[in-house]
Amino acid sequence: MAELDGAAWPPVPIRTQRLVLRGSEARDRAAFIELFASPEVGIHIGGPQPRDALERSVPEVPGRRRGFFVVELDGAMIGAITLDRRPGELPDRLRPDAGETELGYLFLPEAWGLGYASEAGAAALGWFAAALPGEPVVLCTRTANSPSMRLARKLGFTEVTRFEEYGAEQWLGVWSPVTPSG
């Protein structure tokens, strides 16, 4: 995997029809805590975290790192998109000898089902393809998470494999940027 280190970070905010993808700011802290304390979100990430623990541990500017996009709607954070290196110890890697970039996403429940995840995901993938041409991106989700499976397919991910992890069947897909042929 080519590292995101070669890409300017945070990037200039990415604007879509309805959203802005940008680096995190101090004003996002309350929404960040809400996201990780939410029981509905927690179902998909190993359980919600206790709000009081988050209040103590979340930094003033949460999520400030390469590959972390705040998804903003009308000036407020509604979710996050991440582009991270998939840890080498995880099963069923696309390229065993090299890391891959993995797309992740979390949205507040009130933003679910409105197309924001696909709009933000497509924008992040477009940015990634421009910053690191030709690099594939993987996505892993539980097969039982039907909305996430639909989103993966809508974004253009194709199945590579399925495997058992965390007591559930997981789906690993790959997205490759389309490069114009000459």
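Residues numbered from 1 in each chain as written. Predicted model: local features only at pLDDT ≥ 70, side-chain atom pairs only at ≥ 80, totals over all residues. Heavy atoms only, no water.

**Student:** Describe the overall build of the protein, and please don't skip the residues or the numbers.
**Tutor:** Regarding its fold elements, the protein presents 5 helices and 8 strands. The 182 residues of the protein split such that 48% are buried. Long-range pairs, those at least 24 residues apart, make up 65% of the contacts in the protein with a sequence separation of at least 6. Accessible surface, the protein: about 9,300 Å² in total, of which carbon and sulfur atoms supply 54%. (Helix = DSSP H or I, 4+ residues; strand = E, 2+ residues; numbered from the N terminus. Buried < 20%, exposed > 50% of the residue type's maximum accessible area, 1.4 Å probe, protein only. Contact = heavy atoms within 4.5 Å. Areas by Shrake-Rupley, 256 points an atom, 1.4 Å probe, with all protein chains shown as cover.)

**Student:** Account for the sheet that holds strand 1 (residues 14-15), with residues named and values stated.
**Tutor:** Across the sheet, which stays open at both edges, the 8 strands sit in the order 1-2-3-4-5-6-8-7 with mixed pairing between neighbours. Two strands lie at the open edges of the sheet, namely strand 1 and strand 7 (158-165), each paired on one side alone. Two elements, strand 5 (residues 101-107) and strand 6 (residues 137-142), share 2 bridges in a ladder whose sense is parallel. Within the sheet, the bridge partner assigned to Glu 102 lies in strand 6 and is Val 138. Sheet strands touched by helix 4 (residues 116-131): strand 1, strand 2 (19-22), strand 3 (68-73), strand 4 (76-85), strand 5, strand 6 and strand 8 (168-175). Its angle to strand 4, the strand with the most contacts, is close to 40°. Each of strand 5, strand 6, strand 7 and strand 8 is contacted by helix 5 (residues 146-154), which is oriented at about 160° to strand 6, the strand it contacts most. (Pairing = 2+ DSSP bridges. Axes fitted to C-alpha atoms, helices over the stretch in contact; angles between N-to-C directions.)

**Student:** Run through the nonpolar core, naming residues and quoting values.
**Tutor:** If you look at the biggest cluster of nonpolar residues, it comprises 30 residues, and the most contacted ones within it are Leu 21, Leu 103, Phe 107 and Phe 157. For this core, the secondary-structure elements that each account for two or more residues are strand 2, strand 3, strand 4, strand 5, helix 4, strand 6, helix 5 and strand 8. When residues in this core are grouped by element, the largest group, 8 residues, is from helix 4. Sequence-distant contacts of Leu 21, that is, excluding residues within four places in its chain, are made with Pro 13, Ile 14, Phe 69, Val 70, Val 71, Ala 120, Ala 123 and Ala 124. Grouped together as the second largest cluster of nonpolar side chains are 15 residues, Ala 31, Val 70, Met 77 and Ala 80 included. (Core = buried A, V, L, I, M, F, W, Y, C linked by side-chain atoms within 4.5 Å.)

**Student:** Explain the pattern of salt bridges to me, and be specific about the residues and the numbers.
**Tutor:** This structure, assessed with the given rule, holds 12 salt bridges. The residue Arg 22 makes a salt bridge to Glu 25 at a minimum N-O spacing of 4.0 Å. The exposure class of Arg 22 is buried, given its relative accessible area of 5%. A salt bridge links Glu 55 to Arg 29; its shortest N-O distance comes to 3.4 Å. (Salt bridge = Lys/Arg side-chain N within 4 Å of Asp/Glu carboxyl O.)

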